[in-house]
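# Structural features, examined
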Amino acid sequence: MTTTGIQISVGLDAGSRNLFRDDVGPNNLLEKLDVEADILVLEDRYARPDGDGMDAVLFANWLGARTRNAGILAGAPVNVLEPFHVSTAIATLDYVTDGRAGLLAQSLEGEHAASARRATGPLNGYPADDRHALERDFDEAIDVIRRLWDSWEDDAVIRDRESQRFVDGAKLRYVDFKGSNFSVLGPSITPRPPQGQPVIAASIAAANDAAGKANVDLIFLRAGINDVPSLLKASSTARSDLRYFADIEIGSAVEAKKTARHWQDESERIAARVREWAAFGLAGIRLLPRQPKSDLLSLVDHLLPALRAAGIGQARQETTLRERLALPAAANRYVHAA
């Protein structure tokens, strides 16, 4: 049976590192996940209201060096981290993964956000606590991150031994960005990533949240969003280059119910929903294990193969993440503007 073209991503966070750290030997969990999943999505736990733990970008680089196939989206709270550092970190991840990288742009929430606001305030780079200011700050952060990726031409690195020059300085650009709460001069300290522009994704919990995510490539529709078909249909006429993935929670809270039949039922339920949404332009799904420690192995061994057998998922391709998502090639804005 041919595939629908729907991509299968799996949602994790940096806390999942313990599942892979001691998982050694041939055909281990990470190796299986790398083969079966199209994309691994790593949320930064610190961006959650009650979260803490390892930086998701650091974890993504650890995973990137140990995988060969799956795309890797690394989460970062862009309303508190320096956009310059986020840009260089994701560019580095793109090099580590040979073009399989992307950024999951998150916003700091809860007490963490309140603490950051008290410590810095809007005059020192942190946006005011209102929807409009947060959306504007999110959009400006993404804008300058993209500009920094373009601040090196593709052939700026020359490695000229005779002249002892590593870089052609004429092919680096000042971005000279001035936003509402911050400014960045540039250029980046990292060469332009292999993809030119790594994929940028964000999550929304309601249909009207999409309006504040105008500068991203991929949107995850949080589980529970009503009327997904209508949202997909409306978006297809607005932006042909925007991809939507639907979140689907999987697993059971009762260990005894996690039988082979349970996972077969899960795959049939998901496949039916995906076929319905695919007709309206759905590009993929993100599977969210309710209990990764107990559910992830069964997801890899049973659910993902069953979904592929049902025609959900893409055939493996040796391509960049942008190409897998059928996004257009990323032109350098400064080269074409010159």
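The shown structure was predicted, so the numbers you read here are calculated from the model rather than taken from an experiment. All residue numbers refer to positions counted from 1 along the written sequence of the respective chain. Where totals are concerned, whole chains, interfaces and linings use all residues; where local detail is concerned, this predicted model gives features only for residues with pLDDT of at least 70, and gives and counts side-chain atom pairs only at 80 or more. Hydrogens are left out, water is left out, and the side-chain values use all remaining heavy atoms of the structure.

In this section: the overall build of the protein. Within the protein, the regular secondary structure consists of 11 helices and 12 strands. When burial is assessed residue by residue, the protein has 52% of its 338 residues classed as buried. Taking contacts inside the protein between residues at least 6 apart in sequence as the whole, the part at least 24 apart equals 75%. Using a 1.4 Å probe, the Shrake-Rupley method yields the accessible areas, and only the shown protein chains count as cover for residues. A total accessible area of about 15,600 Å² is found for the protein, and carbon and sulfur atoms account for 51% of it. For the purposes of this entry, the term helix denotes a DSSP run of H or I that reaches at least four residues, the term strand denotes a run of E that reaches at least two, and both are numbered from the N terminus. Exposure categories follow from relative accessible area, calculated using a 1.4 Å probe and restricted to protein chains: below 20% of the type maximum is buried, above 50% is exposed, and the middle band is partly exposed. Residues count as neighbours in contact if any of their non-hydrogen atoms are within 4.5 Å of one another.

Now for the packing of helix α8 (residues 260–278) against helix α9 (residues 292–309). Helix axes use the C-alpha atoms of the stretch in contact, all axes being lines fitted to C-alpha atoms, and the angles between their N-to-C directions lie in the range 0 to 180 degrees. Interaxial distance between α8 and α9 falls to 9 Å at its minimum, and their mutual angle equals 55°. Classified by the interaxial angle, the pair formed by α8 and α9 is oblique. The crossing of α8 and α9 is right-handed. Facing W263, Q264, E266, S267, I270 and A271 of α8, the residues of α9 in contact are D295, S298, L299, H302, L303, A306 and L307. Class assignment of the residues belonging to the contact of α8 with α9 gives a composition of seven nonpolar, four polar and two charged. Roughly parallel here means an angle under 35 degrees, roughly antiparallel means over 145, roughly perpendicular means 65 to 115, and every remaining angle is called oblique. The handedness criterion is simple: a crossing whose near helix is rotated anticlockwise from the far helix by less than a right angle is left-handed, and one whose near helix is rotated clockwise is right-handed. Gly falls in the polar group here, along with every residue not listed as nonpolar (Ala, Val, Leu, Ile, Met, Phe, Trp, Tyr, Cys, Pro) or charged (Asp, Glu, Lys, Arg).

Taken residue by residue, a regular strand's side chains alternate between the two faces of the sheet. Two strands form a pair only when DSSP identifies at least two bridges running between them. As paired elements, strand β5 (residues 157–160) and strand β6 (residues 165–167) share two bridges and run antiparallel to each other. Looking at β6, one finds that D160 is bridged to R165.

Read around the closed barrel, the eight strands follow the order β1-β2-β3-β4-β9-β10-β11-β12; overall the barrel is parallel. Each strand of the sheet is rotated relative to its neighbour by a mean of 30°, with strand direction disregarded. Contacts from α8 reach β11 (243–250) and β12 (284–289), with the element oriented near 155° to β11.

Next up on the list: the packing of aromatic side chains. Two rings from Phe, Tyr or Trp (for Trp, the six-membered ring) form a pair when their centres are within 6.5 Å of each other. A pair whose planes differ by under 30 degrees is stacked, one over 60 is edge-to-face, and the rest are tilted. Tallying each qualifying case throughout the model produces four aromatic pairs. Ring centres 5.8 Å apart and planes at 25° place the aromatic pair F177 and F182 in the stacked group. Here F182 falls in the buried class, since its relative accessible area comes to 16%. These aromatic residues form a ring-pair network of at least three members: F20, F59 and W62. The side chain of R286 reaches across the aromatic face of F220, ending 4.1 Å from its centre. Whether a charge sits over a ring depends on NZ of Lys or CZ of Arg being within 6 Å of the ring centre and within 35 degrees of the ring normal.

By definition, a residue's bend is the angle between the axes fitted to the seven residues ending there and the seven starting there. At L299, α9 shows its largest bend, some 55°. Within α9 the residues assigned to the buried category are D295, L296, S298, L299, V300, L303, L304, A306 and L307. For α9, the secondary structure elements touched by its buried residues are β1 (7–13), α1 (17–21), α2 (29–36), β11, α8 and β12. Phi turns positive, to about 90°, at G311, one or two residues after α9.

We now examine the pattern of salt bridges. Where charged atoms of side chains with opposite charge meet at close range, the side chains can pair. What makes a salt bridge here is a side-chain nitrogen of Lys or Arg within 4 Å of a carboxyl oxygen of Asp or Glu, nothing more. Enumeration according to the criterion identifies 18 salt bridges in this entry. When the shortest N-O distance is used, the salt bridge between R192 and D154 registers 3.0 Å. Residue R192 is found in the loop between β8 (183–184) and β9 (199–204), and its partner D154 is found in the loop between α6 (131–149) and β5; the two are separated by 38 residues along the sequence. A residue is classified by how much of its surface remains accessible, and R192, at 6% relative accessible area, is buried. One salt bridge in this structure joins R286 and D247, with 2.8 Å as the shortest N-O distance. Of the two residues, R286 sits in strand β12 while D247 sits in strand β11, which places them 39 residues apart along the sequence. The class of D247 is buried, set by a relative accessible area of 4%.

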